[in-house]
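Architecture and fold: a report
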Amino acid sequence: MTTETSFFTKLSGPPRRYFKKELLPLLADLRLAIVLLLAIAVFSIAGTVIEQGQSLEFYQSNYPEHPALFGFLTWKVLLTAGFDHVYRTWWYLALLILFGSSLTACTFVRQLPALRWFTRNTSKFYTQPRQFTKFALSAEFEGTVSDYALQLLQKNRYRIWQDGDKFYARKGIIGRIGPIFVHISMMLILIGGIVGAMTGFIAQEVVPSGGTFMIKNIVDAGPWAEPQFPKDWAVKVNRFWIDYLPTGEIDQFYSDLSVLDNDGKEVDRKTIHVNQPLKHNGVTLYQADWAISAVQVKINKSPILQFPMAKLDAIGSRIWGTWIPIKPDLSDGISLVARDLQGLLLVYDTDGKLLSTVRKGMSVEVKGVTLAIADIIGSTGLQIKADPGVPIVYLGFGLLMISTMMSYVSHSQIWGLQKDGKFYIGGSTNRAQVIFEQEFLAILDQLEPQEDLPETQLANV
């Protein structure tokens, strides 16, 4: 078509012929686009089901070699294929690029030439009565009624082109433009996904209440993500706390965060919780997890001492513990165990025997010493993401919704010819056939009584 010729005028010789006659039609093939879209969907689902960006130990624990999941999926297979970071693998990005190329080829090979025909070939009038027999809806009148037909079409909001005794009318051209913008919107979504994969990063931080941190624990990042890493600001956890239900279950956990510049000045602040993140300079901080960081105690009349608490291996439970010496030579001590931040701690001896329980703000006598619990310090678990492709993806989805609605607009066309004392009229539409038939028949009903004409002859209605 002329559109293809003009688009590839700079190509010459065998490469040009191969590109136009072999490669371009292959890329524009709907079957290829469907296969690529299904492949992208399958691998996207895999990237959602399989945890992304976790440690080697995590995958070794959850995807062991014996027994292998589904008989073949082990941690070695998963890491070798890149399923631990699906959206940044070369083969996933290659699928996106290939699918985008298919959309682009289809746009230039099919959509734009079709649009050009509908927008520029409006001078293609029908000059022979036999041409009207191809329409599913057509009619023939005795007499001269073309002028009245034009008035009726204008009344029905048709745009009309006339050349002597011939005319062409259409409405709903936006329905033909819609599919092109659907392709453009999908290409924007793909571009946004590629930009995010190449320049975005994911980090995780576990910070105790009152702590300040720079975002450094990057667990997954694109090859061009380094400029996105925050270098001129830090985050302070002013306070972390958990609200509990009367049953003792967690209701919600909160982190009061402040963003500090290099001089320590607060430039942003927000209390975040699940589904309510803090966004700053393109970086989003989500409330994702929690832990117990430390316990503050007094032993007899000592000053407040702080001991870190570590997570203990326990099936189906989240338990933290620490060991506290009660003799200067460290020959004896007690263990404190906690399961939440509600303030209750269990006290064990070195043999694992439960000695007592104690709450925050209270004291207990154990092994001849007075143990007082001053505070239990919690840590907030933050998931941190930066994805510069998100605005492009949002733009693509917004345009996709608009263009999809545009595509549902019917494109209706009507041709007319006045010749040898007879008037011929025919029309077609690309969708909403019943509505178009009703509109077309209503126009014919109004044409008949204009000059007391004989009964209208409908062909193929």
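Provided above is the structure to which this section pertains.
**Some remarks on helix H3 (residues 30-49)**
Here H3 contains 20 residues, and its C-alpha end-to-end distance of 29 Å stays within 8% of the 28 Å for a straight helix at 1.5 Å per residue. For H3, the complete set of buried residues consists of Ala-33, Leu-36, Ile-40, Ser-44, Ala-46 and Gly-47. With its buried residues spanning 155° around the axis, H3 presents them on a single face. Of the exposed residues in H3, the ones pointing more than 90 degrees away from its buried face are Leu-30, Arg-31, Val-35, Leu-38, Val-42, Ile-45 and Val-49. One side-chain oxygen at the N-terminal end of H3 lies 2.8 Å from the backbone nitrogen of Arg-31; it belongs to Asp-29.

**What about the environment of Lys-353?**
Within the secondary structure, Lys-353 sits in the loop between strand S16 (344-348) and strand S17 (354-359). With relative accessibility at 55%, the residue Lys-353 sits in the exposed group. With 19 residues separating them along the chain, Lys-353 and Ile-334 place their C-alpha atoms 10.0 Å apart. Ignoring sequence-local partners within four residues, the contact set of Lys-353 consists of Val-347 and Tyr-348.

**Quick word on the sheet that holds strand S5 (residues 212-213)**
Across the sheet, four strands lie side by side as S5-S7-S8-S9; this open sheet has antiparallel pairing. Unpaired on one side and paired on the other, S5 and strand S9 (266-272) mark the two borders of the sheet. Sheet topology places strand S8 (residues 250-261) next to S9; six bridges connect them, and they run antiparallel. Within the sheet, the bridge partner assigned to Leu-260 lies in S9 and is Glu-266.

**A few points about the packing of helix H8 (residues 174-199) against helix H9 (residues 390-407)**
Packed helix pairs are characterised by how far apart their axes lie and by the angle those axes make with each other. Taken N-terminus to C-terminus, the directions of H8 and H9 make an angle of 165°; their axes are 7 Å apart at the nearest point. Relative to H9, H8 is oriented roughly antiparallel. When you trace H8 past H9, the crossing you get is left-handed. Class assignment of the residues belonging to the contact of H8 with H9 gives a composition of 18 nonpolar, nine polar and no charged.

**Some remarks on the sheet that holds S16**
As summarised here, the arrangement of the five strands in space is S13-S14-S15-S16-S17, forming an open sheet in which the pairing is antiparallel. Each edge of the open sheet is held by one strand with a lone partner, namely strand S13 (310-312) and S17. The mean angle between the axes of side-by-side strands here comes to 35°, regardless of whether they run parallel or antiparallel. Examined bridge by bridge, S13 and strand S14 (residues 319-325) share three bridges and lie antiparallel to one another. Note on S14: the bridge partner recorded for Lys-311 is Trp-320.

**Considering a nonpolar patch on the surface**
Together, Leu-69, Phe-70, Phe-72 and Val-77 line one region of the surface with nonpolar side chains, adding up to about 420 Å² of accessible area. Topologically, Leu-69 is positioned in the loop between helix H4 (56-62) and helix H5 (75-81).

**Thoughts on unusual backbone geometry**
Most of the time, phi is negative for any residue but glycine, and the peptide bond is trans. The peptide bond linking His-66 to Pro-67 adopts the cis configuration, its omega dihedral lying at -5°. On the secondary structure map, Pro-67 appears in the loop between H4 and H5. With phi around 65°, Arg-157 is a residue other than glycine that occupies positive phi space. Here Arg-157 is to be found in the loop between helix H7 (146-155) and strand S2 (159-163). Its identity is not glycine, yet Asn-300 carries a phi of approximately 55°, on the positive side. Structurally, Asn-300 is set in the loop between strand S11 (283-299) and strand S12 (305-308). A residue is classified by how much of its surface remains accessible, and Asn-300, at 43% relative accessible area, is partly exposed.

**Let's talk about the packing of aromatic side chains**
Applying the stated rule across the entire model yields 20 aromatic pairs. Both rings, one in Tyr-126 and one in Trp-415, keep their centres 5.0 Å apart while their planes meet at 25°; by these two values the pair is stacked. Of this pair, Tyr-126 sits in the loop between helix H6 (90-120) and strand S1 (137-142) while Trp-415 sits in strand S20 (residues 412-419); the two residues are 289 residues apart in sequence, bridging distant segments of the chain. Residue classification places Tyr-126 among the buried positions, given a relative accessible area of 7%. Residue Trp-415 is classed as buried on the basis of its relative accessible area of 4%. A cation sits over an aromatic face here: Arg-239 above Trp-241, 4.2 Å from the ring centre. We note Lys-385 situated over the ring of Tyr-286; from NZ or CZ to the ring centre the distance is 5.9 Å.

Calculation rules
Residues numbered from 1 in each chain as written. Predicted model: local features only at pLDDT ≥ 70, side-chain atom pairs only at ≥ 80, totals over all residues. Heavy atoms only, no water. Helix = DSSP H or I, 4+ residues; strand = E, 2+ residues; numbered from the N terminus. Expected span 1.5 Å × (residues − 1). Buried < 20%, exposed > 50% of the residue type's maximum accessible area, 1.4 Å probe, protein only. Arc of directions from axis to C-beta. Polar contact = N/O pair within 3.5 Å; in protein donor to acceptor, adjacent residues only side chain to side chain. Contact = heavy atoms within 4.5 Å. Pairing = 2+ DSSP bridges. Axes fitted to C-alpha atoms, helices over the stretch in contact; angles between N-to-C directions. Parallel < 35°, antiparallel > 145°, perpendicular 65-115°, else oblique. Left-handed = near helix turned anticlockwise from the far one by under 90°. Nonpolar A, V, L, I, M, F, W, Y, C, P; charged D, E, K, R; others polar. Patch = residues over 30% accessible without salt bridge, like charges linked within 9 Å, V, L, I, M, F, W, Y side chains within 5 Å. Areas by Shrake-Rupley, 256 points an atom, 1.4 Å probe, with all protein chains shown as cover. Salt bridge = Lys/Arg side-chain N within 4 Å of Asp/Glu carboxyl O. Phe/Tyr/Trp six-rings, centres within 6.5 Å; stacked < 30°, edge-to-face > 60°. Lys NZ or Arg CZ within 6 Å of the ring centre and 35° of its normal.

Read these as spatial facts, not as claims about activity.
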